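An overview of the molecular structure
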Amino acid sequence: MVERDGRVAVVLLNRPKQLNALSGEVMGALVSALLELDEDAEVRAIVLGGNERAFAAGADIAELAAGTPISLYESRRIDAWDSIRAVRTPIVAAVSGFCLGGGCELAMLCDLIVASESAKFGQPEINLGVLPGAGGTQRLTRAVGKAVAMDMILTGRMLSAREALDFGLVARVVAQEAWLDEAKRVAYEIAAKSPISVRLAKEAIDKAFEMPLAAGVEFERRSFYLARAAEDATEGLNAFIEKRLPKFEGT
């Protein structure tokens, strides 16, 4: 389900009986929706959520059990995750309830996570005789550190929202009833900024996990020069000097 409200789009997973299990059909529809929104110049931030019971409780187990190594490889289902990571528009994950397995991996693909106090995060694939396959071993380790990632992935341990906040997996924890409203508020705050500087900053932060420090700093410096070349930067700087609110046009 996709809703648009000005510069913010809200995408909600809608398989409540299956706790938003991520079937191939769901992932295909999600990728299509996100890519379409990413091409819309009017959309400057996206909120991705589920419902109060679950963001997403993992992969579709029946679908996974019916697959073979070859069919899973040939279907290229997991490649969809790379498409989501390539979305340039900032994505705020709104998480309430279960955020497990593929759901946790999907939330980690977003740029920041707003979680309700009821949220539970985990990578319980080990209980099924498999392991995370859409980036869980890599992104979770970068988010919470090796020790906690080992604990979660090898034992199936779930983190509460507060634990996830303490370990650096989520950005904010709010009351259960505010999980979606707060994520929208954060998205509107991001959408009010210059879309050029926001996208460049998002890309630079992502590079911090992929590059040595010196290369990352050089990438940041070039991104800064590029942002300064935009009319938005001139507008922002002049607005500060003139003591007024800037009007960012994305140019």
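Below you will find a few notes about this structure. Along each chain, residue indices are assigned from 1 in the same order as the chain's sequence is written. Where totals are concerned, whole chains, interfaces and linings use all residues; where local detail is concerned, this predicted model gives features only for residues with pLDDT of at least 70, and gives and counts side-chain atom pairs only at 80 or more. With hydrogens and water excluded, all non-hydrogen atoms of the structure serve as input to the side-chain values.

What about the overall build of the chain?
Put simply, DSSP marks the helices as runs of H or I at least four residues long and the strands as runs of E at least two long, and each gets a number from the N terminus on. Broken down by element type, the chain carries 12 helices and 10 strands. Against the compact-globule benchmark of 18 Å for 251 residues, the chain has a radius of gyration of 19 Å, which places it among compact chains. With the C-alpha coordinates of the chain rotated into their principal frame, the extents come out at 60 × 40 × 35 Å. To sort residues, take the accessible area from a 1.4 Å probe on protein chains only and compare it with the maximum for the residue type: under 20% means buried, over 50% means exposed, and anything in between is partly exposed. Across the 251 residues that make up the chain, the buried fraction comes to 43%. Per-residue accessibility takes into account occlusion by the displayed protein chains alone, with areas from the Shrake-Rupley method and a 1.4 Å probe. For the chain, the computed accessible surface area is about 13400 Å², with 58% contributed by carbon and sulfur atoms. Distance from the positive charge centre (29 side chains) to the negative charge centre (35 side chains) of the chain: 3 Å. Within these notes, the globule rule equals 2.2 Å times the number of residues to the 0.38 power, and the radius of gyration is based on C-alpha atoms. We treat Lys and Arg as the positive residues and Asp and Glu as the negative residues; His and chain ends play no part in the count. All charge positions are set by atom: Lys at NZ, Arg at CZ, Asp at CG, Glu at CD.

Thoughts on the layout of surface pockets
A volume near 800 Å³ is recorded for the largest pocket. Only protein atoms enter the 1 Å grid used here. Points where a 1.4 Å probe fits but cannot escape make up a cavity, open sets with protein on both sides within 12 Å along at least five of seven lines make up a pocket, and a residue lines them when an atom lies within 4 Å of a point. Around the largest pocket sit 28 residues that line it, and R85, C110, D111, D206 and F209 are the ones nearest its centre. Going through the elements one at a time, strand 5 (91–95), helix 5 (102–109), strand 7 (112–116), helix 6 (136–144) and helix 10 (195–207) are the ones with two or more residues in the lining of the largest pocket. Polar here means any residue other than Ala, Val, Leu, Ile, Met, Phe, Trp, Tyr, Cys and Pro, which are nonpolar, and Asp, Glu, Lys and Arg, which are charged; Gly is therefore polar. Class assignment for the residues of the lining of the largest pocket results in 17 nonpolar, four polar and seven charged. Taken as a whole, the second largest pocket encloses approximately 610 Å³ of empty space. Looking at the second largest pocket, it is lined by 25 residues, and the ones nearest its centre are A59, L64, E125, L131 and G133. Counting only elements with at least two residues in the lining of the second largest pocket, the list comes to helix 2 (61–66) and helix 5. Its residues placed into classes, the lining of the second largest pocket shows 15 nonpolar, six polar and four charged. Grid points are joined across faces, edges and corners, and a volume is the space filled by probe spheres set on the points.

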